[in-house]
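Structural features, examined
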Amino acid sequence: MEKRVMIVDDSRVMEIQMKNLLEDTEFEIAAYCKDGEEALEMYEEVMPDVVTMDIIMPGMDGLETSEALLEKHPEARIVMVSSLAYDDTIQEADSIGVKAFVYKPLEREKLIEALEDALI
Ligand SMILES: [Mg+2]
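So, here is what we can say about the structure in this document. Going along each chain's sequence as written, the residues are numbered from 1 onward. Where local features are concerned, this predicted model is filtered to residues with pLDDT of at least 70; where side-chain atom pairs are given and counted, the filter is 80 or more; whole-chain, interface and lining totals use all residues.

**Digging into the overall build of the chain**
- Scanning the chain from N- to C-terminus turns up 5 helices and 5 strands.
- Listed N to C, the secondary structure of the chain is β-α-β-α-β-α-β-α-β-α in terms of helices and strands.
- With respect to the three principal axes, the spread of C-alpha positions in the chain is 30 × 30 × 30 Å.
- Between the buried cut of 20 or more and the exposed cut of 12 or fewer other C-beta atoms within 10 Å of a residue's own C-beta lies the partly exposed class, and all C-beta atoms are placed from the backbone. Within the span of the chain, comprising 120 residues, buried residues form 33% of the whole.
- Taking all contacts inside the chain whose residues are at least 6 apart in sequence as the whole, residues at least 24 apart take part in 61%. Here a helix means four or more residues in a row that DSSP labels H or I, a strand means two or more in a row labelled E, and each is numbered from the N terminus. Here the contact rule is simple: place C-beta atoms from the backbone, and any two residues whose C-beta atoms are within 7 Å are in contact.

**As for the environment of M1**
- Following the sequence through the fold, M1 ends up in the segment before β1 (3–8).
- When the C-alpha positions of M1 and R77 are compared, they lie 17 Å apart, and in sequence the two are 76 residues distant.

**Comments concerning helix α5 (residues 108–119)**
- A helix is expected to span 1.5 Å for every residue after the first. Helix length check: α5, at 12 residues, gives a terminal C-alpha distance of 17 Å against a target of 16 Å (1.5 Å per residue), a fit within 8%.
- Among all positions of α5, only L111, A114, L115 and A118 are buried. The arc that holds every buried residue of α5, seen down its axis, measures 100°, which confines them to one face.
- Looking at the buried residues of α5, the elements they touch are β1, α1 (12–21), β2 (27–33), β3 (50–54), β4 (78–82) and β5 (100–103). Throughout, the arc means that of the directions going from the helix axis to the C-beta atoms.

**Things to note about the packing of helix α3 (residues 62–72) against helix α4 (residues 87–96)**
- A fitted line through C-alpha atoms represents every axis, and for helices the fit uses only the stretch in contact; the resulting angles, taken between N-to-C directions, go from 0 to 180 degrees. Where α3 meets α4, the closest approach of the two axes is 10 Å, and the angle between their N-to-C directions is 10°. Between α3 and α4, the interaxial angle falls into the category roughly parallel. Along its contact with α3, which presents L63, S66, E67 and L70, the element α4 presents E92, A93 and I96. Geometric relationships in this document are graded by angle, where less than 35 degrees denotes roughly parallel, more than 145 denotes roughly antiparallel, 65 to 115 denotes roughly perpendicular, and other angles denote oblique.

Purely geometric stuff here, so don't read any function into it on its own.
Okay, structure coming up:
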């Protein structure tokens, strides 16, 4: 059965990119959210298997959104997607309960690996 992915990213380009990267994989895109507020609402509606979370977004950033989401839904599986590879971001995301990390520019193999890691 396909795993349902919810994408949270303020760039619409990322939705298109994800669609291409996840084509013919075990993952399908269940929802796209442009910001954290939308993601918190959409999660309950969609109940995805895994969420990809951009870090830098207007309004709530990816860390704040992840924290709020996990507070309400501790079962949420989040992959942080970022061009920032700073150690403190990774540590903070880890401590919040984010399952995996993947970096932009996205590569298909790395993305799938991170999504699979998050589902273990
Ligand atoms: Mg962004």
